[in-house]
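Tertiary structure, described
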Amino acid sequence: MEIKEYLLMPEETEQAILWQEQHAQKVIHENHAQNPRLVAGADVSYGKHGEKAFSSVVVVDISSGEVVEKATWVGKPPHNYKPGFFALREVPCLLKTFEKLQTTPDVVLIDGNGLIHKRRFGLACHMGLCLDIPTIGCAKSLLVGNHKPLSKKAPIAPVSHMGDEIGIAMRKNREVTYVSVGHKVDLEFAKNFVFDLPVPTAIDHAHNSCSELFKKDQQLQENEKDKNKVQIIATAKDLKSQGLSYADVAKELNNYKDLRAMYGKKFTPRKIRNWLEQK
DNA sequence: GCGACAG
DNA sequence: ATCTTGTCGC
Ligand SMILES: [Mg+2]
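Described below are features of the structure shown in this document. Note that this is a predicted model, so its numbers are computed, not measured.

Another aspect to go through is the coordination of the magnesium ion. Within the protein, Asp43 (OD) and Asp111 (OD) serve as the donor atoms for the magnesium ion, at 2.1 Å. One end of the pair, Asp43, is in strand β1 (residues 38–46); the other, Asp111, is in the loop between β4 (107–110) and α3 (123–131), and 68 residues separate them in sequence. Grouping residues by exposure puts Asp43 and Asp111 together as buried.

Moving on to the protein's contact with DNA strand C. Taken together, the residues surrounding DNA strand C are Ser45, Tyr46, Lys48, Lys140 and His207. Atoms of DNA strand C within 4 Å of the protein belong to the sugar or the phosphate in 100% of instances, the rest to bases. A distance of 3.5 Å separates a phosphate oxygen of DNA strand C from a polar atom in the side chain of Lys140. Looking at the surface near DNA strand C, its residues break down into one nonpolar, two polar and two charged.

Here we take up the environment of Glu165. With respect to the element layout, Glu165 can be found in strand β7 (residues 164–172). Among the residues examined, Glu165 registers a relative accessible area of 56% and is labelled exposed. When the C-alpha positions of Glu165 and Ser151 are compared, they lie 20 Å apart, and in sequence the two are 14 residues distant. Glu165 has contacts with Pro158, Val159, Ser160 and Leu187, leaving out every residue within four places of it along the chain.

In this section: the packing of aromatic side chains. Enumeration according to the criterion identifies four aromatic pairs in this entry. Relative to Phe121, the ring of Trp19 has its centre 6.0 Å away and its plane inclined at 70°; by these criteria the two rings are edge-to-face. Placement of the pair is Trp19 in helix α1 (residues 13–24) and Phe121 in the loop between β4 and α3, with a sequence separation of 102 residues. The exposure class of Trp19 is buried, given its relative accessible area of 12%. Look at Phe189 and Phe193: their rings are 5.3 Å apart centre to centre, the planes differ by 20°, and that puts the pair in the stacked class. Taken as a pair, Phe189 and Phe193 lie in helix α4 (residues 187–196) at a separation of four residues, close to a single helical turn. Under the relative-accessibility criterion, Phe193 is labelled buried at 10%. One residue, Lys82, lies across the ring of Phe85, its end atom 5.2 Å from the ring centre.

Residues in close proximity to DNA strand B total 16 residues, the closest being Tyr81, Gly84, Phe86, Lys140 and Ser141. Those atoms of DNA strand B that come within 4 Å of the protein belong to sugar or phosphate at a rate of 53%. Within the backbone of Leu123, a nitrogen or oxygen atom sits 3.1 Å from a base nitrogen of DNA strand B. In this structure, a phosphate oxygen belonging to DNA strand B sits 2.8 Å away from a side-chain N or O atom of Ser141.

Following the criterion strictly, the structure yields seven salt bridges and no others. For Asp217, the salt bridge identified is with Lys52, shortest N-O distance 2.7 Å. Placement of the pair is Asp217 in helix α5 (residues 202–241) and Lys52 in the loop between β1 and β2 (53–61), with a sequence separation of 165 residues. Lys52 gets classed as partly exposed once you look at its relative accessible area, which sits at 26%. Residue Glu188 is joined to Lys191 by a salt bridge in which the shortest nitrogen-to-oxygen separation is 3.4 Å. Here Lys191 and Glu188 lie together in helix α4, a separation of three residues that amounts to about one turn.

With a relative accessible area of 12%, Asp111 lands in the buried category. At a separation of 2.7 Å, a polar atom in the side chain of Asp111 contacts the side chain of Lys140. Dropping the residues within four chain positions of it, Asp111 is found in contact with Ala42, Asp43, Phe86, Leu123, Cys138, Lys140 and Ile203.

This paragraph deals with the state of the cysteines. The final tally for this structure, using the stated rule, is zero disulfides. With no disulfide partner, Cys93 has as its closest neighbouring cysteine sulfur the one in Cys210, 9.7 Å distant. Take Cys93: its relative accessible area is 0%, and that puts it in the buried class. Considering cysteine sulfurs only, Cys130 is the nearest to Cys125, which forms no disulfide, with 11 Å between them.

Turning our attention to the side chain of His79. Note on placement: His79 falls in the loop between β3 (66–75) and α2 (86–100). Apart from residues lying up to four places away in sequence, His79 is in contact with Glu11, Leu88 and Arg89.

The rules behind these values
Residues numbered from 1 in each chain as written. Chains lettered and ligands numbered in written order. Predicted model: local features only at pLDDT ≥ 70, side-chain atom pairs only at ≥ 80, totals over all residues. Heavy atoms only, no water. Donors = N, O, S within 2.8 Å, 3.2 Å for Na, K, Ca; no water. Helix = DSSP H or I, 4+ residues; strand = E, 2+ residues; numbered from the N terminus. Buried < 20%, exposed > 50% of the residue type's maximum accessible area, 1.4 Å probe, protein only. Near = heavy atom within 4 Å. Polar contact = N/O pair within 3.5 Å; in protein donor to acceptor, adjacent residues only side chain to side chain. Nonpolar A, V, L, I, M, F, W, Y, C, P; charged D, E, K, R; others polar. Contact = heavy atoms within 4.5 Å. Phe/Tyr/Trp six-rings, centres within 6.5 Å; stacked < 30°, edge-to-face > 60°. Lys NZ or Arg CZ within 6 Å of the ring centre and 35° of its normal. Salt bridge = Lys/Arg side-chain N within 4 Å of Asp/Glu carboxyl O. Disulfide = S-S within 2.5 Å.

What follows is the structure, encoded as structure tokens:
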């Protein structure tokens, strides 16, 4: 789909604060969603050592519950996570993913807050401005604000912060979701829409898709590592057959920087002996 | 200075 | 977000 505005905020904190305050004024708090049918859920997960980002957007037709389309993107995380500036980390990934989407959804659900934000400009607001589509923030925990305890009788409670009603806390079964306006929806619509969503939601699908990408990548890396190990063992075996001691074989292998890099750490005579005696 | 802090 | 196994409960 078409990205209306490719909005990236400055990395420097002081400028980012001003930028958020300025763009918060552009957020539309009135409802523009009518009879939504195509709902997009978006999420990002990260590699074990934070070197890779796995981003997914899944579109669900809520009239049937069927998945209509899925788009994914894998790349380097643009920024570390910083509370209040989550968009630095996820907006670039999500925009790359929405770009690939053929479908134009009626409503977008973002895994993060909208108006529930110190400057009323959480990730969902940011993405809403970029996409110019009705957008709702759905977070799993609270960034700012307070609310009365949820109970069976009152599974929904308003979230307030500095005198503003900026969202609602909602419990469906076991899980609590914090719902807030992202863009072009009002809180009343967002509340009812999310409350009535059948599970698995588009966000659930997106989250699962990210986990699959993560697992797939992890599996590939394991295979690569195994292939490398086979190569290393073959080399070690060759050296040993030339009459070198295990200590000398280890010393020799350590001279090859590429071999050491693919193994990850230094070779020890003990390790070499274990490998060769196993095979 | 301390604690809180979406993912 | 990731690191992680079994275990308690319906
Ligand atoms: Mg997420």
